[in-house]
Amino acid sequence: MQNNMKRLFLIGWILCCAWFVKAQQSNEFTVLQWNIWQEGTQVEGGYDAIVNEIVRLKPDFVTFSEVRNYRNTRFCDRIVQSLGQRGETYYSFFSDDSGLLSRHPITDSLTVFPLNDDHGSIYKMVSTVHGHRVAVYTAHLDYLNDAYYNVRGYDGSTWKEIPIPQTVLEVLQVNDASLRDDAIRCFLAEAKKDIAEGTIVILGGDFNEPSHLDWTRGTKDLFDHNGLIVPWTVPLLLDNNGFVDTYRELYPDVVDYPGFTFPADNPLLPVSRLTWAPKADERERIDYVFYHPHPSLRLKDAVIFGPRGSIVRSKRVPEQSKDRFLLPLGVWPTDHKGLLVTFEVR
């Protein structure tokens, strides 16, 4: 009798622990930032690979870059339908250039910075997660006047070889000729309303711009930074307005954890398709997930999603950093690496 009581107690304790663990996990949500390189069309089997990875990872939200709606198709409808055929329910809405997916019903959506002549875009969606109102923004910012290439001896709009600039002022003058800062100011104006209402605000995107947190005294002579310490405009604007860079928050040591997301090695393509500066080390962390601090939100984890390899001076190079990688199942559909971030709400 006593043994039976002990057994029942043990079973009850195990069930209680299992329930607690499940309850803890149920308070999490994940955000995947992913540049899918022209909807996966540049790699054979690329679109199917996008679907397969979302089915595997089941992110709560996906912030896409390079949505094109080719041949008058709506990528948002197509990806939702493909996922539905695999048993996964997602929600989306029409967008161009950047896009959003949500496992939670979308209650509102907005074009924050409309696409105009391929100078970038920002969209917003609103949903409810574990009882909390959440606004998720997706940004694919202007790829022109891409001044981190100028530092490496390539024009950031034509990618022809040029003399390396000697001052930070020269670099920022090129950088700020882009529409990236214009777009992010539109985001900040809209996000300010969400924050005032107590909404959790998340921003994911391919910014086509490095971070001031990565171009520091410790890295000025690394990665072809050519001695420059650059206060890159867009991440600095976000920082100055209270937004937190998830990857750098968790991994502040930029030398050990550079977190490069571009250019990713893709073994299915020749190196010439993957580099814009063939003689340089052009590696950068340009794909981000930011959030605004909220009393009910805690940043829990961030991992680079994609292959370990990068392209350096036209060579395939495996990263030797301490960065953690969530490796793809099979076909990698893009020339970027993604970022999968886990949050906890309470």
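As a reminder, the structure under discussion sits directly above these lines.
Residues numbered from 1 in each chain as written. Predicted model: local features only at pLDDT ≥ 70, side-chain atom pairs only at ≥ 80, totals over all residues. Heavy atoms only, no water.

Asker: Honestly, the pairing of strand β10 (residues 297–305) in this entry has me stumped. Any pointers?
Answerer: The two faces of the sheet receive side chains in turn, since in a regular strand these alternate between them. Two elements, β10 and strand β14 (residues 338–345), share eight bridges in a ladder whose sense is antiparallel. In the strand pairing of β14, isoleucine 304 is matched with leucine 339. As paired strands, β10 and strand β13 (residues 325–326) are joined by two bridges and run parallel to one another. In the strand pairing of β13, isoleucine 304 is matched with phenylalanine 325. (Pairing = 2+ DSSP bridges. Helix = DSSP H or I, 4+ residues; strand = E, 2+ residues; numbered from the N terminus.)

Asker: What is the right way to look at the layout of surface pockets in this model?
Answerer: Remark: the empty space left among the atoms is shown by a probe the size of a water molecule rolled over them. Each pocket or cavity is described by its volume, and for the largest pocket that value is around 320 Å³. Lining the largest pocket are 19 residues, and of these Glu66, His140, Tyr143, Asn208 and Trp276 lie nearest its centre. Residue composition of the lining of the largest pocket, by class: eight nonpolar, five polar and six charged. (1 Å grid on protein atoms, 1.4 Å probe; cavity = no way out; pocket = protein on both sides within 12 Å on 5 of 7 lines; lining within 4 Å. Points joined across faces, edges and corners; volume = space filled by probe spheres on them. Nonpolar A, V, L, I, M, F, W, Y, C, P; charged D, E, K, R; others polar.)

Asker: Where do I start with the environment of threonine 275 in this structure?
Answerer: Structurally, the position occupied by threonine 275 is in the loop between α8 (246–250) and β9 (287–291). Sequence spacing of threonine 275 and serine 314 is 39 residues, and the spatial spacing of their C-alpha atoms is 6.7 Å. Side chain to side chain, threonine 275 and glutamate 282 meet in a polar contact 2.5 Å long. (Polar contact = N/O pair within 3.5 Å; in protein donor to acceptor, adjacent residues only side chain to side chain.)

Asker: Just to check I follow, could you spell out the packing of aromatic side chains for this structure?
Answerer: The way to describe two aromatic rings as a pair is by their centre distance and the angle between their planes. Under the defined criterion, the tally for this structure stands at 22 aromatic pairs. Plain terms: the ring middles of tryptophan 159 and tryptophan 276 are 4.6 Å apart, the flat faces sit at 65° to each other, and that makes the pair edge-to-face. Residue tryptophan 159 is located in the loop between α4 (147–150) and α5 (168–175), and its partner tryptophan 276 is located in the loop between α8 and β9; the two are separated by 117 residues in the primary sequence. An aromatic cluster is defined as three or more aromatic residues linked by ring pairs; in this entry it consists of Tyr143, Tyr148, Tyr149, Trp159 and Trp276. In this structure, arginine 78 is placed above the aromatic ring of tyrosine 47, and the distance from its NZ or CZ to the ring centre is 4.7 Å. (Phe/Tyr/Trp six-rings, centres within 6.5 Å; stacked < 30°, edge-to-face > 60°. Lys NZ or Arg CZ within 6 Å of the ring centre and 35° of its normal.)

Asker: I'm lost on the nonpolar core in this one. Help?
Answerer: One broad trend across soluble globular proteins is that nonpolar side chains are buried collectively. Residues Phe29, Ile202, Leu297 and Phe343 are the most contacted members of the largest nonpolar core, which totals 26 residues. Of all elements in the fold, only β1 (28–35), β5 (120–129), β6 (132–141), β7 (200–206), β9, β10 and β14 reach the threshold of two or more residues within this core. (Core = buried A, V, L, I, M, F, W, Y, C linked by side-chain atoms within 4.5 Å. Buried < 20%, exposed > 50% of the residue type's maximum accessible area, 1.4 Å probe, protein only.)

Read these as geometric descriptors, not functional statements.
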